[in-house]
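Residue strings, one per chain:
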Amino acid sequence: MYSYSWDTETGGLLLNSSQLNFSKEPRPVYYKELDILGFDQYWQYDRNDTYPYMWAEANNYYYRGRLVAKAKGGSIYTAPEIIIVENPEPDGIPLRFVDIPAMVEKNYDILEKLVQDTIKKIYNTYVKYQKKVDVFYVAFSGGKDSIVAFDLVRRALPHNKFKVLFGDTGMEFPDTYHVIDQVQELCKEEGIDFLRAKSVISIKDSWNLFGPPAVTLRWCCSVHKTSPQIMLLQEKTGNQGFTGMAFTGIRGDESTSRNEYDDISYGSKHRGQFSCHPILEWNSAELFAYIYQEDLIINEAYKKGNTRAGCLVCPMSSGKHEYLKAQCYPLEVMELVDRIKSTSGKTTFSGVEMERFIDDGYWKTRKTGRELNLGQDKHLVETDKGKTTILVQKLNSSWKEWAKTIGEFIQLSDEYYTIDFRGKAYEVRMENGATGTLISFPNCGTSKDDINSNFAHRF
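Notes on the structure follow. (Residues numbered from 1 in each chain as written. Predicted model: local features only at pLDDT ≥ 70, side-chain atom pairs only at ≥ 80, totals over all residues. Heavy atoms only, no water.)

Once that is clear, we can look at the layout of surface pockets. Put simply, the second largest pocket is a space of about 430 Å³. What lines the second largest pocket is a set of 19 residues, among which Ser-227, Met-231, Gln-234, Lys-404 and Phe-409 lie closest to the centre. Sorting the residues of the lining of the second largest pocket by element identifies β10 (193-198), α6 (219-237), α12 (399-404) and β16 (409-411) as the ones contributing at least two each. Ranked by the residues each element gives to the lining of the second largest pocket, the list is headed by α6, at 7 residues. In terms of residue class, the lining of the second largest pocket is built from 8 nonpolar, 5 polar and 6 charged. (1 Å grid on protein atoms, 1.4 Å probe; cavity = no way out; pocket = protein on both sides within 12 Å on 5 of 7 lines; lining within 4 Å. Points joined across faces, edges and corners; volume = space filled by probe spheres on them. Helix = DSSP H or I, 4+ residues; strand = E, 2+ residues; numbered from the N terminus. Nonpolar A, V, L, I, M, F, W, Y, C, P; charged D, E, K, R; others polar.)

Rendered as structure tokens:
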């Protein structure tokens, strides 16, 4: 929202009253990141993470307002190239910490106006929707955005009027689980209901069953996050058709698509559910200023250079981010990388070729299960007079879990289901016969963008 400039006096950020048109998402840089990337070969600094030493915008590193270094490239197995632009301090003098207390004091007045406006927005949303919504909750991930959103909600609302919901994918950073434990304990002390939602299927089983997630096959979010969260809230509310309001940490500066969000959205992710994005207009300069001002929990993943506290291995991640995750959490990351190797259809690749295949990100481009070595069930897709049917000769016993990889999947009876696909709700009917299981879609069209062939590829 507010623009910012570098403050040479404190080494920090100085918020300005003018509006910011575009944020470069500045973030603090601690000694752990400097060590992992190899800056200790060039600069002297104390290995103390009480305060950061500098700031980064993307791959550019700024020390007291001056661009001093850049990082270029990088992947799981390959370290980024470090380019030194100039020495931060003359004659090898050790780096100075950012004076965080002084930075907080300088930014307090302008930040407080933004904070109070946001708290008011949260409270007004609660008042407006309390008769329309069965449950209010903070969608909590353990990252910087959700820790700020959580703190603002707990300041705005009575603590018995909302819950905190963590969707545990089983692939979170180890440091994230430490944050979750701390926040859960805080909620217990303050009388806030903290919920952990986790899939009944393990990560090991799901990766072996579905293969690794890919850019166009991001089944992981549905199977390990969305569906478990919806099911847990159904249980807690005692209402399968409940209406919820999620307070999220979504910010417009994080991506182009998120920049198009409204403050309140309906059904953008879960049909029949509201989402409120109270910090949508905040940028990361304001975010970190607030974290330091209120002395909030900082996920250690950020101190190690990770820009997001997401999954250990993600098809949407690339470059330096993949290298940092592999260096920070080698055992956990390589366990998942080994599953990419073991499920890949590239069975003739040598060890070197497979590492290059992974390093170059080709595993992320998978479109169907045919690119795996897991085998597939035989199926026949037919379209007659606008009605699409799929005959599966031998239905996978875990087909319901597979269905969740497509979209929100709800069972209505033994034979009838509904599933959301690309913003449209489809009816699904299952009939067992002598030659197999017949799956039909009464309201499905014949377009290639409809659910029929996409559904078939999962079986």
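Our next topic: the pattern of salt bridges. The final tally for this structure, using the stated rule, is 24 salt bridges. A salt bridge links Lys-144 to Asp-145; its shortest N-O distance comes to 3.7 Å. No difference in accessibility class separates Lys-144 from Asp-145, as the two residues are buried. The residue Asp-168 makes a salt bridge to Lys-198 at a minimum N-O spacing of 3.8 Å. Of this pair, Asp-168 sits in strand β9 (residues 163-168) while Lys-198 sits in strand β10, and the two are 30 residues apart along the sequence. With a relative accessible area of 54%, Lys-198 lands in the exposed category. Here the residues in one salt-bridge network are Glu-25, Lys-144, Asp-145 and Arg-251, joined through shared partners. (Salt bridge = Lys/Arg side-chain N within 4 Å of Asp/Glu carboxyl O. Buried < 20%, exposed > 50% of the residue type's maximum accessible area, 1.4 Å probe, protein only.)

Let's shift gears to the side chain of Glu-33. Note on placement: Glu-33 falls in helix α1 (residues 31-37). Setting aside chain neighbours within four positions, we find Glu-33 in contact with Arg-27, Tyr-61, Lys-303, Lys-304, Gly-305 and Lys-320. (Contact = heavy atoms within 4.5 Å.)

Let us now look at the packing of helix α9 (residues 320-328) against helix α10 (residues 330-343). Two numbers describe a pair of packed helices, the interaxial angle and the distance between the axes. Across the interface, α9 lies against α10 with an axial gap of 5 Å and an inter-helix angle of 115°. On α10, the residues touching Lys-325, Ala-326, Gln-327 and Cys-328 of α9 are Pro-330, Val-333 and Met-334. Of the residues contributing to the contact of α9 with α10, the split by class is 5 nonpolar, 1 polar and 1 charged. (Axes fitted to C-alpha atoms, helices over the stretch in contact; angles between N-to-C directions.)

Spatially, 5 strands are ordered β3-β4-β5-β6-β7 in an open sheet, and the strand pairing comes out antiparallel. Sheet topology places β3 (27-29) and β7 (81-84) at the edges, where each strand pairs with a single neighbour. Across the sheet, the mean angle from the axis of one strand to that of its neighbour is 30°, orientation sign disregarded. Relative to β7, strand β6 (residues 66-72) runs antiparallel, the two being bridged by 4 bridges. (Pairing = 2+ DSSP bridges.)

A few words now on the pairing of strand β5 (residues 60-63). Looking at chain direction, strand β4 (residues 54-57) and β5 are connected through 3 bridges and run antiparallel. Opposite Trp-55, over in β5, you have Tyr-62 as the bridge partner. Two strands pair when backbone bridges link them, and β5 and β6 are joined in this way by 4 bridges, in the antiparallel orientation. Paired with Asn-60 across the two strands is Lys-70, which belongs to β6.

Moving on, we come to helix α11 (residues 351-359). All buried positions along α11 are accounted for by Met-354, Phe-357, Ile-358 and Asp-359. Buried residues along α11 sit in contact with α10. Just past α11, the residue Gly-361 takes up positive phi, approximately 80°.

Further remarks concern the nonpolar core. Val-148, Leu-152, Val-164, Phe-247, Trp-282 and Tyr-292 are the most contacted members of the largest nonpolar core, which has 55 residues in total. A total of 11 residues in this core trace back to one element, the largest contributor, which is helix α2 (residues 100-129). Discounting residues that sit within four places of it in the chain, Phe-247 has contacts with Ile-122, Thr-125, Phe-136, Tyr-137, Val-138, Ala-139, Val-153, Leu-157 and Cys-276. In this structure, Trp-207, Val-313, Ile-340 and Trp-363 belong to the second largest nonpolar core, which totals 25 residues. (Core = buried A, V, L, I, M, F, W, Y, C linked by side-chain atoms within 4.5 Å.)

All right, on to the pairing of strand β17 (residues 416-421) then. Most of β17 sits out of view: 5 of its 6 residues are buried. Here 3 bridges tie β16 to β17, and the two strands are oriented antiparallel to one another. Within β17, the residue paired with Phe-409 across the bridge is Ile-419. Count of turn residues in the β16/β17 antiparallel hairpin: 4 residues. Summarising the sheet, β17 and strand β18 (residues 424-433) pair through 6 bridges and their orientation is antiparallel. Pairing of Tyr-416 across the sheet is with Arg-429, part of β18. Turn length for the β17-β18 hairpin, with the two strands adjacent in sequence and antiparallel, is 2 residues, and the turn residue Arg-422 shows positive phi of about 55°.

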